[in-house]
Each structure stands twice: as C-alpha cells, then as structure tokens.
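# Reading the structure
Residues per chain, in single letters:
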Amino acid sequence: MKYNPEKRAETPVAKPPPESEYRVDGGGPWGPTQFDLPERNGDNTLAAVLVAAIGTVLLLALAGAWTLWYFKFN
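Parameters at a glance
- Residues numbered from 1 in each chain as written.
- Predicted model: local features only at pLDDT ≥ 70, side-chain atom pairs only at ≥ 80, totals over all residues.
- Heavy atoms only, no water.
- Helix = DSSP H or I, 4+ residues; strand = E, 2+ residues; numbered from the N terminus.
- Buried < 20%, exposed > 50% of the residue type's maximum accessible area, 1.4 Å probe, protein only.
- Areas by Shrake-Rupley, 256 points an atom, 1.4 Å probe, with all protein chains shown as cover.
- Patch = residues over 30% accessible without salt bridge, like charges linked within 9 Å, V, L, I, M, F, W, Y side chains within 5 Å.
- Salt bridge = Lys/Arg side-chain N within 4 Å of Asp/Glu carboxyl O.
- Phe/Tyr/Trp six-rings, centres within 6.5 Å; stacked < 30°, edge-to-face > 60°.

### Some words on the overall build of the protein
- The helix and strand inventory of the protein stands at one helix and zero strands.
- When each of the 74 residues of the protein is scored for burial, the buried share is 3%.
- Summing over all exposed atoms, the protein offers an accessible surface of approximately 7700 Å²; the carbon and sulfur share of this is 64%.

### Things to note about a nonpolar patch on the surface
- On the surface, W66, W69, Y70, F71 and F73 cluster together into a nonpolar patch covering about 660 Å² of accessible area.
- Note that W66 resides in helix 1 (residues 45–73).

### Here's the deal with the packing of aromatic side chains
- A complete count under the given rule lists three aromatic pairs for this structure.
- Measuring from ring centre to ring centre gives 5.3 Å for Y70 and F71, while their planes differ by 80 degrees; the resulting arrangement is edge-to-face.
- Look at Y70 and you get partly exposed, because its relative accessible area is 36%.
- Every member of this aromatic cluster is reached through a ring pair, and the members are W66, Y70 and F71.

Pasting the structure below:
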C-alpha cells in the first residue's frame, strides 16, 4: 500500500525587522536571548550569589516545615 500525503501550500517565512541589520552585540536579528545577557564585564557573581541565597532559604524553609510536621504528628 502506497501512502501519498497531501502537499501543503507554501507560506512565506517571516523576515527579521529592518533595524536588525544595525544590531552588533549578540542575539542575532531578533534581539537578545536569555543566553546573550551576561554582565558587560563577563562577571556574573551577583547572579550566582542571589541564586545560592534563594536556594538556601528555600531549603531551610522546607527543612523547618518538615521538622515541624514530624514532631507535631509523630
């Protein structure tokens, strides 16, 4: 048995905006992505410290809630 799929009509591909040819700094024609936004000097120490601090607070809150639950119900 031979399967002949229907052919789709061709659609035009979106073009980048005209101002994209003047962009020089990362991100390509559509602008920056989340991977193109480091600090200008390449140092992301503040971001790493913030993520570590938030993670530590969340883990401490989780441990505290678990401890409270454990001693209250056991």
